[in-house]
Amino acid sequence: MTASHLVAESVWKTIESTHAVSEEQLSILHFLFGKNFERATRIVDQRGVKKITGEPSGRSIFQVVGESRRKEEYFCFAEHYCACYSFFYDIVNRGEQLCCKHQLAARLAGSLGACVEVKVSDEQLALLLSEL
């Protein structure tokens, strides 16, 4: 894990434990993630993050709105995966970013409790996941 990853994880853990974000934490995250973080905060401000939770298991996935005119929605696991093009191109293939704006939006909204909560059956969640 790189130093950037370690710093980001430390900041995220603090935000998750307090359910609040300070100006200093915002500055650090902006320094680490740049324009992707700016875009992620816009998505969160516009209530563009859904947390879809299966019941009774409690397993969940995020669905995050994109910023294009088409308003596409991408399924993602905040720390590990996003179905968007940028995730595969910039993160997996080129290794130029730590994560995409959808992952950042999911992580920020999840940490702050700013998600639109959607409850589905475990069967419905499994069907969503099978389409990834």
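Given the structure is predicted, the values throughout are model-derived calculations rather than measurements.

### Looking at the sheet that holds strand β2 (residues 60-65)
The strands that make up a sheet are held in pairs by hydrogen bonds between backbone atoms, and each pair lies either parallel or antiparallel. Sheet architecture is open: five strands sit in the order β4-β3-β2-β1-β5, paired in mixed fashion. Edge positions in the sheet fall to β4 (81-82) and β5 (116-121), since each has one partner strand and no second. Helix α5 (residues 101-112) rests against β1 (49-55), β2, β3 (73-77) and β4 of the sheet, and its axis sits at about 120° to β2. Packed on one face of the sheet, helix α6 (residues 122-130) meets β1, β2, β3 and β5 and runs near 105° to β5.

### Points about the environment of Glu55
Within the secondary structure layout, Glu55 lies in strand β1. Sequence separation of Glu55 and Val120 is 65 residues, and the distance between their C-alpha atoms is 6.2 Å. Contact partners of Glu55, with chain neighbours within four places excluded, come to Lys119, Val120, Ser121 and Asp122.

### A look at the packing of helix α1 (residues 3-18) against α5
Interhelical geometry of α1 versus α5 gives an angle of 35° and a closest axis separation of 8 Å. The residues of α5 that touch α1, namely those facing Glu9, Trp12, Lys13, Ile15 and Glu16, are Leu104, Arg107, Leu108, Ser111 and Leu112. Residues of the contact of α1 with α5, tallied by class, amount to five nonpolar, one polar and four charged.

### Section: the pairing of β2
Along β2, five of the six residues are buried, which leaves the element largely enclosed by surrounding structure. Between β1 and β2, which pair antiparallel and follow one another directly, the connecting turn spans four residues, one of which, Gly58, has a positive phi of 85°. Where β2 meets β3, four bridges bridge the pair, whose relative direction is antiparallel. Its bridge partner lying in β3, Phe62 is registered against Cys76.

### Section: the pattern of salt bridges
Counting across every chain of the model gives five salt bridges. Taking the shortest distance from any N to any O, the salt bridge between Glu16 and Lys13 comes out at 4.0 Å. Taken as a pair, Glu16 and Lys13 lie in helix α1 at a separation of three residues, close to a single helical turn. Overall, Glu16 belongs to the partly exposed group, its relative accessible area being 26%. Owing to a relative accessible area of 46%, Lys13 belongs among the partly exposed residues under this scheme. Between Glu16 and Arg107 there is a salt bridge; the shortest N-O distance is 3.0 Å.

Reading guide: rules and limits
Residues numbered from 1 in each chain as written. Predicted model: local features only at pLDDT ≥ 70, side-chain atom pairs only at ≥ 80, totals over all residues. Heavy atoms only, no water. Pairing = 2+ DSSP bridges. Helix = DSSP H or I, 4+ residues; strand = E, 2+ residues; numbered from the N terminus. Contact = heavy atoms within 4.5 Å. Axes fitted to C-alpha atoms, helices over the stretch in contact; angles between N-to-C directions. Nonpolar A, V, L, I, M, F, W, Y, C, P; charged D, E, K, R; others polar. Buried < 20%, exposed > 50% of the residue type's maximum accessible area, 1.4 Å probe, protein only. Salt bridge = Lys/Arg side-chain N within 4 Å of Asp/Glu carboxyl O.

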